[in-house]
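Each chain, letter by letter, is given below.
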Amino acid sequence: MNILGLARHGLNSFEQIAIMGVMLTAFISLLYAWMLRKVVLKKDKGTPKMQEIWNAIRIGADSYLKTQLRKILPIIGGLTVALFLSVYVVPASREAVAEFGAKNAQIIVAIGRTIAFIMGAGFSLLVGQLGMRMAIQANVRTAAAARRGFNEALSIAYYAGTITGMLTDGLGLFGGTLIFIVFGTAAPDALLGFGFGGTLLALFMRVGGGIFTKAADIGADLVGKVEKDIPEDDPRNAAVVADLVGDNVGDCAGMAADIFESYEVTIVSGLILGLALVALDPTHALKWIVYPLIIRAIGVISSILGTFTVPIWERFPIKFLRAKDAEEAMFRSYEVSSVNTIIWSFVVAVNYAHDWRLAMLTSVGVGLAVAFNPLTSYFTSTRKGPVKEIVKSTKTGPATTILSGLAVGMESSVWAVVMIAVSFIIALALYSSAGAIYVLYGVAMVGIGMLSHTGNNVAMDSYGPISDNANGIAEMAWHDQCDEETVKARQIMADLDAVGNTTKAITKGVAIASAVIAAVSLFASYITDVGRVQLQLGVKEIMTSIRLSDTKVFVGLLLGGALPWLFSSLSLRAVTRAAGLIVEEVRRQFKIPGLMEGKVKPDYARVVGISTAAAQKELVPLAMISVLMPIIVGLVLQVEALGGFLAGIILSGQLLAVFMANAGGAWDNAKKSIEDEPKDAIACTGKGSDRHKAGVVGDTVGDPLKDTAGPALNPMIKVTNLVSLIAAPILVKYSKMSIGLVAVVAVLLAGVIWAIWKSKREAPSLFIEIEDKVAAKRS
C-alpha cells in the first residue's frame, strides 16, 4: 500500500490509513465548526437598541484588528526572509538528505520552513480573527436569548466558543500532519517554522489585546464605579464600549491564538523527540511519530462529543446527574471527552504501539487538564474559601483586599507547579529504565494528552467574554426597564457572566500549564538538536545535558528567570499609561452638560481609538525583547548557557503567570460577590458600599495581571524556546568570539535597549494626535 506516497517514509499500511484518518478528522473538526456557526447565526439579534450597541462593538473590534495587522505584517515579512536564510548556515540534516538527496535537501528544507512559518502565522491569525468575529456575532444573540430562558442563552454562548475551539483543533492538526506527510522524517526542520509562526502571532495578539482590554476596563471602572457610583456597563460611561471591544480582542482573539500555538508547539516538540527515538527503536520506529497524531485526532472526536452535550446536562432526565449551573455542565462535558480519549488511547497504545506506558502518559495529561478545573475553581470561584476570604477582607479597606488577593495568587501558583511536577515524576517512573530521551518524550506525551481537548478548553474560554459582552449589552439596552421578564433575563446574564469569570481563569491555568509542558519538551528538543548539529560539525564535546554547576550556565539561568519579570513589568506599565489616558478622557466627557442626565451620548469611538493606539505601541518592543534576548545569551555565553536561560524562563514564567492569573480572577469574583449582595447602606453591603469600592480597587489591580501580563507570558516562553531551537545551528557554528560577532552582539543588544526604552517612553495617544491635526486643519 502506498497512499499519497507515504510508503517512502517507511509507514506500514495501518500507519498510512491512520495518517489519512488524522487528516479526515481535521476536516471533520472544521465541518463541525461550520455547522455550529449556522446554528448560532440563525438566532435573532434582539431589539434595535441592542443591535446599535452590538454594531459599535463590532466596528471597534474590526478597526483594532485591521490596525494590528498593518503593524505586524512587515515584521512577519522580515522574519520570513531570515528563516529562509537560516537553513543555509549549516549542512542539511541527515534526515533531510535521506528524504530529498544531498543536492536538493537544503533548498527544499529552506522553502519548507518558510512556507510552514507563513502557514503557522496564517492559521494563528485565522483562528484569532474568526474566533473573535464569531464571539461578536454571538454576544447580542446570547443577550436576546436570555429573555427566552437560561438553556438557550448558554447554548449560544458555548457553541460560539466551540466554533473557535474546533478551528483550533482542525487547523492545528491539519498543519502538523500535512508537514509530516510532505517531509517525513525531515519534518522537524519545517515544523520549527510552523510552531514559530503560530507562537509569534499569538504573542502579538496576546500583548496587544491584553493592553487594549485592560486599559479600557480600568478606565471604565475607576471613573464609572468608584468616582461616579454608576453601574458597570452604564451607557453614560464613554469607556464602556471600548471595554466590551477589549473582551473580544483580548480574551477571544488573543486566547484563541495563544491556545492554538500551544496546540501546535506540543505537536512540534512531540514529533521532534519522536524522530530522535526513531534511530533507537528500529523494530517499530515510526510509532513514536504516528502515535501522538492519532491521539490528537481522538481528542478532536472527544471534544466534539463533549461540547455537544453541554446544554443537555442542565435538563438531564436523571435528577442526580443534572447540572446545577453552567459551570457544572461544562465540567461534565469535559469529563465525557476525557473518558473517551483515555479509553481509546489505551486501545491504540496496546494494539498499535505495543506500549501501554504511552496511554498512561496520555491519561496523565488528560487528568492534569481535568485537575486544573477544580484547582483553579477552588482559588477563583465565588463559592469557595479563598474568594470568600477576599470578600471578608474588603471590610477593612482596599489594602487588606489587595493583600489577601496576593496571598491567594501565590498559594495557587505553588499547587499548580506541584501538579505539573507530579506528571513529570510519573513520566520519569515509567521510562527511567529506557533512558533520558524516553523520559523527555514521555513529558511531551503528557502535553499531547493535556491539549487533546483543546476544543473544550477554547469553548470554555471564549464563553467567558461572550457572556460578559452579552451582559454588557443587556445592561446598556435594558437599563431603564424593570418589568419581570427583563429582571429575570438580567439575572440569567449575571449568572452566566459569573461562571464565565471562573471558566476564563480555568482555561488560563490550563494554557499556562500546557505552555510550561510544551516549553519543557522544546527544551529537551533543544538539547537533542544542539547535540545533533555539534556532531554534524565535528565538535569534540557533544552537549547531552545542562550543567548548572557551570558558572556560565548559572548566569544564563539567572537571566532567564529575570526575563518574565521584565516582560510583565513593561506590559503593566503599558496598561497603566493607557488607562491614565482613558481615565482623563472619561472624566472630561462626564463634564459635558447633559451627559450624566442621559441627554447627550458619549463619544465611544474616541476611547476605542486611545486604547487601540496604546496597544499597538507595545507590539514591536515586546516582540523584539522575546526574539533577541535568547540570541544574545547564546552568542555571548554559548549554547549550554542558553539552555540554562531557557530553564530559568520556564520556571519563573510558570510561577509568575499562574500567580497573576489566579489572583486577578479571585479579585474579580470577590467584587462580583459583593455586587450580588442586597444593597444596604447600614450593613455596608452591595453595590456602591465602601466594601464594594474596596472590591473594585482589588479587581482593578487584578485585571491587567490576569488578562494582560499573565497570559502574555505563555507565548513569550515558547517564542524564546523556538528562537533558541532555530538559532541553535548558528550558535554552534559561530561559538568562537570574533570582531564580527562582537559587532552583531552590540547591534542586537542595542535593539533590546531600544525596545525597553521605547516601551517605557511616555507618548500621547496616536488617536489624540490625529484628531488634533484634523481640528487644526478645520480651524
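These figures come from a predicted structure and were not determined experimentally.

Things to note about the overall build of the protein
Thought 1: Across its full length, the protein carries 22 helices and zero strands.
Thought 2: The C-alpha radius of gyration of the protein comes to 26 Å, within 12% of the 28 Å expected for a compact globule of 779 residues.
Thought 3: Along the three orthogonal principal directions, the C-alpha set of the protein runs to about 80 × 65 × 50 Å.
Thought 4: In the protein, buried positions account for 64% of the 779 residues.
Thought 5: The contacts of the protein with a sequence gap of at least 6 include a subset with a gap of at least 24, amounting to 84%.
Thought 6: Considering the protein, the positive charge centre built from 69 side chains and the negative charge centre built from 62 side chains are found 4 Å apart.

Let's talk about the packing of helix 10 (residues 326–353) against helix 11 (residues 356–380)
Thought 1: Between helix 10 and helix 11, whose axes approach to 7 Å, the crossing angle comes to 170°. As judged from the angle between their axes, helix 10 and helix 11 are roughly antiparallel. Contact residues: helix 10 offers Glu327, Phe331, Tyr334, Ser338, Thr341, Ile342, Ser345, Phe346, Ala349, Val350 and Ala353, while helix 11 offers Trp356, Leu358, Ala359, Met360, Thr362, Ser363, Val366, Ala369, Val370, Asn373 and Ser377.
Thought 2: Of the residues belonging to the contact of helix 10 with helix 11, the class tally is 14 nonpolar, seven polar and one charged.

Focus: the packing of aromatic side chains
Thought 1: Scanning the entire structure with this criterion turns up eleven aromatic pairs.
Thought 2: Here tryptophan 288 and tyrosine 438 contribute two aromatic rings whose centre-to-centre distance is 5.5 Å and whose plane-to-plane angle is 75°, an arrangement assigned as edge-to-face. One end of the pair, tryptophan 288, is in helix 8 (residues 287–308); the other, tyrosine 438, is in helix 14 (residues 436–450), with 150 residues separating them in the sequence. Neither residue differs from the other here; tryptophan 288 and tyrosine 438 are each classed as buried.
Thought 3: Taken together, Phe27, Phe123, Phe174 and Phe194 form an aromatic cluster joined through their ring pairs.
Thought 4: Seen from the ring of tryptophan 478, arginine 147 lies directly overhead, with NZ or CZ sitting 4.4 Å from the centre.
Thought 5: Sitting over the ring of tryptophan 288, lysine 287 keeps its end group 4.6 Å from the ring centre.

Considering the environment of leucine 222
Thought 1: Residue position: leucine 222 is located in helix 6 (residues 187–227).
Thought 2: Residue classification places leucine 222 among the partly exposed residues on the basis of a relative accessible area of 29%.
Thought 3: Along the primary structure leucine 222 and tryptophan 754 are separated by 532 residues, whereas in three dimensions their C-alpha atoms are 32 Å apart.
Thought 4: Ignoring anything within four residues of it in the chain, the contact list for leucine 222 reads Glu227, Val583 and Thr700.

Side note on empty space enclosed by the protein
Thought 1: If you walk through the whole model with that rule in mind, you get three cavities of 30 Å³ or more.
Thought 2: Estimated volume of the largest cavity: approximately 110 Å³.
Thought 3: What lines the largest cavity is a set of 15 residues, and nearest its centre among them are Lys214, Asp217, Glu232, Asp468 and Asp668.
Thought 4: Of all elements in the fold, only helix 6, helix 7 (240–278), helix 16 (484–537), helix 19 (619–675) and helix 20 (690–733) reach the threshold of two or more residues within the lining of the largest cavity.
Thought 5: Sort the elements by how many residues they give to the lining of the largest cavity and helix 20 lands first, with four residues.
Thought 6: Looking at the lining of the largest cavity, its residues break down into no nonpolar, one polar and 14 charged.

Observations regarding helix 16
Thought 1: In this model, helix 16 (54 residues) spans 77 Å end to end at C-alpha, consistent with the 80 Å of a helix rising 1.5 Å per residue.
Thought 2: Among the 54 residues in helix 16, 40 count as buried, and that is most of the element.
Thought 3: Glycine 538 lies just past helix 16 and shows a positive phi near 75°.

Looking at helix 8
Thought 1: Between its first and last C-alpha atoms helix 8 spans 31 Å; for 22 residues at 1.5 Å apiece the expected length is 32 Å, and the two agree.
Thought 2: Where burial is concerned, most of helix 8 is hidden: 19 out of the 22 residues are buried.

Re the environment of arginine 94
Thought 1: Here arginine 94 is to be found in helix 3 (residues 94–100).
Thought 2: Among the residues examined, arginine 94 registers a relative accessible area of 60% and is labelled exposed.
Thought 3: Residues arginine 94 and alanine 694, spaced 600 residues apart in sequence, show a C-alpha to C-alpha distance of 63 Å.

Topic: the side chain of aspartate 169
Thought 1: Among the secondary structure elements, aspartate 169 is positioned in helix 5 (residues 150–183).
Thought 2: Within the buried core, aspartate 169 has no salt-bridge partner, and the shortest N-O distance to an opposite charge, that of arginine 296, equals 6.6 Å.
Thought 3: Beyond its immediate sequence surroundings of up to four residues, aspartate 169 is in contact with Ser29, Tyr263, Val300, Ser303, Thr454 and Gly455.

With respect to the pattern of salt bridges
Working definition: two side chains of opposite charge can pair if their charged atoms are close together.
Thought 1: Counted by the stated rule, this structure contains 27 salt bridges.
Thought 2: The shortest N-O distance in the salt bridge between lysine 672 and aspartate 668 comes to 3.4 Å. Of this pair, lysine 672 and aspartate 668 both sit in helix 19, four residues apart, which is roughly one turn of that helix.
Thought 3: Look at lysine 672 and you get buried, because its relative accessible area is 11%.
Thought 4: A salt bridge links aspartate 668 to lysine 706; its shortest N-O distance comes to 3.5 Å. In this pair, aspartate 668 sits in helix 19 while lysine 706 sits in helix 20, placing the two residues 38 residues apart along the sequence. Each member of the pair, aspartate 668 together with lysine 706, is buried.

Comments concerning a nonpolar patch on the surface
Thought 1: A contiguous nonpolar surface patch, about 320 Å² in accessible area, is contributed by Leu24, Ile28, Ile301 and Leu305.
Thought 2: Secondary-structure elements contributing two or more residues to the nonpolar patch are helix 1 (13–41) and helix 8.

Structural notes on unusual backbone geometry
Thought 1: Positive phi outside glycine occurs at histidine 354, with the angle close to 55°.
Thought 2: Considering the arrangement of structural elements, one finds histidine 354 in the loop between helix 10 and helix 11.
Thought 3: Even without being glycine, glutamine 638 reaches a positive phi, approximately 80°.

Re the confidence of the model for the protein
Thought 1: On average, residues of the protein carry a pLDDT of 86, and 96% of them reach 70 or more.
Thought 2: Across residues 765–778, confidence stays below pLDDT 50; counting only partners more than four residues off in sequence or on other chains, it has 14 contacts.

Examining the environment of proline 465
Thought 1: Considering the arrangement of structural elements, one finds proline 465 in helix 15 (residues 454–478).
Thought 2: Distance from proline 465 to methionine 450, taken between C-alpha atoms, is 23 Å for residues 15 residues apart in sequence.

Thoughts on the nonpolar core
Thought 1: Ile179, Phe196, Met330, Leu358, Phe372 and Tyr526 are the most contacted members of the largest nonpolar core, which has 263 residues in total.
Thought 2: In terms of residue count, helix 19 provides more of this core than any other element does, 29 residues in total.
Thought 3: Once residues within four sequence positions are removed from consideration, tyrosine 526 is found in contact with Met543, Val639, Leu642, Gly643, Leu646, Ser724, Leu725 and Ala728.

Examining the packing of helix 11 against helix 14
Thought 1: Put simply, helix 11 and helix 14 touch, their axes get as near as 7 Å, and they point 50° apart. On the basis of their axis angle, the class for helix 11 and helix 14 is oblique. As for how helix 11 packs across helix 14, the hand of that crossing is right-handed. Here helix 11 contributes Leu358, Leu361, Thr362, Val364, Gly365, Val366, Leu368, Ala369 and Phe372 to the contact with helix 14, which in turn contributes Tyr441, Gly442, Met445, Val446, Gly449 and Met450.
Thought 2: Residue composition of the contact of helix 11 with helix 14, grouped by class: eleven nonpolar, four polar and no charged.

Structural notes on the side chain of threonine 454
Thought 1: The residue threonine 454 is located in helix 15 in this model.
Thought 2: If we ignore the near neighbours within four places in the chain, the residues touching threonine 454 are Gly165, Thr168, Asp169, Ile259, Tyr263 and Ser303.

What counts, and at which threshold
- The residue numbering used here restarts from 1 in each chain and proceeds along that chain's sequence as written.
- Owing to the predicted nature of the model, reporting of local features is limited to residues with pLDDT of at least 70; listing and counting of side-chain atom pairs is limited to 80 or more, with chain, interface and lining totals taken over all residues.
- Neither water nor hydrogens contribute to the side-chain values; these are computed over all heavy atoms in the structure.
- For the purposes of this entry, the term helix denotes a DSSP run of H or I that reaches at least four residues, the term strand denotes a run of E that reaches at least two, and both are numbered from the N terminus.
- Here the radius of gyration uses the C-alpha set of atoms, whereas the globule reference equals 2.2 Å times the residue count to the power 0.38.
- Think of it in three bands: with a 1.4 Å probe and only protein chains considered, a residue is buried below 20% of the maximum accessible area for its type, exposed above 50%, and partly exposed in between.
- Here, two residues are considered to be in contact whenever any of their heavy atoms come within 4.5 Å of each other.
- The sign given to each residue is positive for Lys and Arg and negative for Asp and Glu; His and the chain ends receive no count.
- To locate a charge, take atom NZ for lysine, CZ for arginine, CG for aspartate or CD for glutamate.
- Axis definition: a line fitted to C-alpha atoms, limited for helices to the stretch in contact. Angles are taken between N-to-C directions and run from 0 to 180 degrees.
- Here is the rule for angles: anything less than 35 degrees is roughly parallel, anything more than 145 is roughly antiparallel, 65 through 115 is roughly perpendicular, and the remaining ranges are oblique.
- Charged means Asp, Glu, Lys or Arg here, nonpolar means Ala, Val, Leu, Ile, Met, Phe, Trp, Tyr, Cys or Pro, and polar covers whatever is left, Gly included.
- Stacked, tilted and edge-to-face pairs are distinguished by plane angle, under 30 degrees for stacked and over 60 for edge-to-face with tilted covering the rest, among Phe, Tyr and Trp rings (Trp via its six-membered ring) whose centres lie within 6.5 Å.
- Remark: a charge is flagged as sitting over a ring if the NZ atom of Lys or the CZ atom of Arg is within 6 Å of the ring centre and within 35 degrees of the ring normal.
- As defined here, a cavity is a set of points on a 1 Å grid over the protein atoms alone where a 1.4 Å probe fits but cannot get out. A pocket is an open set with protein on both sides within 12 Å along at least five of seven lines, and residues line them when an atom is within 4 Å of a point.
- Grid points are joined across faces, edges and corners, and a volume is the space filled by probe spheres set on the points.
- Expected span of a helix, by definition, is 1.5 Å for each gap between consecutive residues, and there is one gap fewer than residues.
- Salt bridges are defined by distance alone: a side-chain nitrogen of Lys or Arg within 4 Å of a carboxyl oxygen of Asp or Glu.
- Each patch is built from residues lacking any salt bridge and having more than 30% relative accessible area; the joining distance is 9 Å for like charges and 5 Å for nonpolar side chains (Val, Leu, Ile, Met, Phe, Trp, Tyr).
- Only the protein chains shown count as covering a residue, and every accessible area follows the Shrake-Rupley method with a 1.4 Å probe.
- pLDDT is defined as a per-residue confidence score from the predictor, taking values between 0 and 100.
- In plain words, nonpolar cores are sets of buried Ala, Val, Leu, Ile, Met, Phe, Trp, Tyr and Cys residues tied together by side-chain atoms within 4.5 Å.
- Should the near helix be turned anticlockwise from the far one by less than a right angle, the crossing is termed left-handed; should it be turned clockwise, right-handed.

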